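Geometric and topological summary
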Amino acid sequence: MHIEPGIVDGAKIILSYGTAAGAGLMILKVGRDDIFRRGAMSLAVRSGLAATIVLGLFQVLPHPPVGVSEVHLILGSTLFLLFGAAPAAIGLALGLLVQGLVFAPFDLPQYGMNVTTLLVPLFALSYVADRLIAPQTPYVDLGYRQVLALSVTYQAGIVAWVAFWVLYGQGVTMATLQSVSAFGAAYLAVILAEPLIDLGVLAVAKSMRGSLVLERRLHASA
């Protein structure tokens, strides 16, 4: 889902600084709440694990270019279920930043757009999870329909933000619409795969009750 160089340039890129700042404020809010519940050390450890996974997903797994961007298996819902909203958000932001600093410095000017595209759908996913999952239901007991809803929320958010940046930067033309449509269609494969990955990860997590590096909600009610 990387926004390629040149898609949004000039004065238009200033908007990405504002959206990234808004996402940063949300990280501060959910991070503060997480520290209140689990402590700063727990947040740091879970965020570090999430960032390592994100960097690995970006660098190791295939990310074929399709349409206006690349298709990544980001596993936003998996990170959320395993580590919680704050560590997942921090991990996504840090993993993306490290990738830009170490492996792809040409992506750094687009960091504001890319981090917005990753984080805002994650916060939407968290909102949906609060309303979709009964308070007494541990995450390890979720069914396919529930994890599918979380995956659709996240991936649809990514596609929507990519479409916004492309149309904002390049204008509404037949070429841009076709390219965005191709990108969105390609993400259907991710939407189909991610819930199955989530269910597999949750099945493994059932045997890890009490782990200090996982989200408490995995095995406990809200």
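Looking at an unreviewed UniProt entry, the protein chain carries the name Cobalt transporter, with the source organism given as Tistrella bauzanensis. According to its UniProt record, the protein chain has this under Subcellular location (unreviewed entry): "Cell membrane".

Ranked by size, the top nonpolar core spans 57 residues in total, and within it L92 and L119 carry the most contacts. Looking at this core element by element, the count peaks at 9 residues for helix α6 (residues 144-170).

All told, the structure shown has 5 salt bridges when counted by the stated rule. For D34, the salt bridge goes to R37, with nearest N and O atoms at 3.1 Å. Of the two residues, D34 and R37 both sit in helix α1 (residues 14-38), 3 residues apart, roughly one turn of that helix. Note that D34 is salt-bridged to R46, the shortest N-O span being 2.4 Å. One end of the pair, D34, is in helix α1; the other, R46, is in helix α2 (residues 40-60), with 12 residues separating them in the sequence. The exposure classification of D34 matches that of R46, with both residues buried.

In this section: the environment of L150. Positionally, L150 belongs in helix α6. Leaving out residues up to four positions away in the same chain, L150 has contacts with S77, L81, L125, V128, A129 and I133.

Within the structure shown, the criterion is met by 7 aromatic pairs. Chaining the aromatic ring pairs together yields one cluster made of W161, F164, W165 and Y168. K12 extends its terminal NZ or CZ atom over the ring of Y168, reaching a point 5.4 Å from the ring centre.

If you check UniProt for "transmembrane region" (unreviewed entry), the listed places come out as residues 13-31, 43-61, 73-104, 111-128, 148-168 and 180-205 in our numbering. Annotated as residues 43-61, this span is 95% helix and 0% strand, and its ends, taken at the C-alpha atoms, are 26 Å apart.

You can see E194 is positioned in helix α7 (residues 174-205). Here E194 sits buried without a salt bridge, and the closest side chain of opposite charge, R145, lies 17 Å off (N-O distance). Non-local contacts of E194, meaning those with residues more than four positions away in its chain, are made with L75, G76, S77, T78, S151 and Q155.

The next thing to look at is the packing of α2 against helix α4 (residues 85-103). Relative to each other, α2 and α4 sit at 50°, their axes nearing to 7 Å. Comparing the axis directions of α2 and α4 gives the class oblique. Along this stretch, α2 crosses α4, giving a crossing that reads as right-handed. Two secondary-structure elements touch here, α2 through L43, R46, S47, A50, A51, V54, L55, F58 and Q59 and α4 through A86, P87, A88, I90, G91, L92, L94, G95, L96, V98, Q99 and F103. Residues of the contact of α2 with α4, tallied by class, amount to 15 nonpolar, 5 polar and 1 charged.

Rules used in this analysis
Residues numbered from 1 in each chain as written. Predicted model: local features only at pLDDT ≥ 70, side-chain atom pairs only at ≥ 80, totals over all residues. Heavy atoms only, no water. UniProt positions renumbered as here; feature names shortened; annotations may be inferred. Core = buried A, V, L, I, M, F, W, Y, C linked by side-chain atoms within 4.5 Å. Buried < 20%, exposed > 50% of the residue type's maximum accessible area, 1.4 Å probe, protein only. Helix = DSSP H or I, 4+ residues; strand = E, 2+ residues; numbered from the N terminus. Salt bridge = Lys/Arg side-chain N within 4 Å of Asp/Glu carboxyl O. Contact = heavy atoms within 4.5 Å. Phe/Tyr/Trp six-rings, centres within 6.5 Å; stacked < 30°, edge-to-face > 60°. Lys NZ or Arg CZ within 6 Å of the ring centre and 35° of its normal. Lys, Arg positive; Asp, Glu negative; His and termini not counted. Axes fitted to C-alpha atoms, helices over the stretch in contact; angles between N-to-C directions. Parallel < 35°, antiparallel > 145°, perpendicular 65-115°, else oblique. Left-handed = near helix turned anticlockwise from the far one by under 90°. Nonpolar A, V, L, I, M, F, W, Y, C, P; charged D, E, K, R; others polar.

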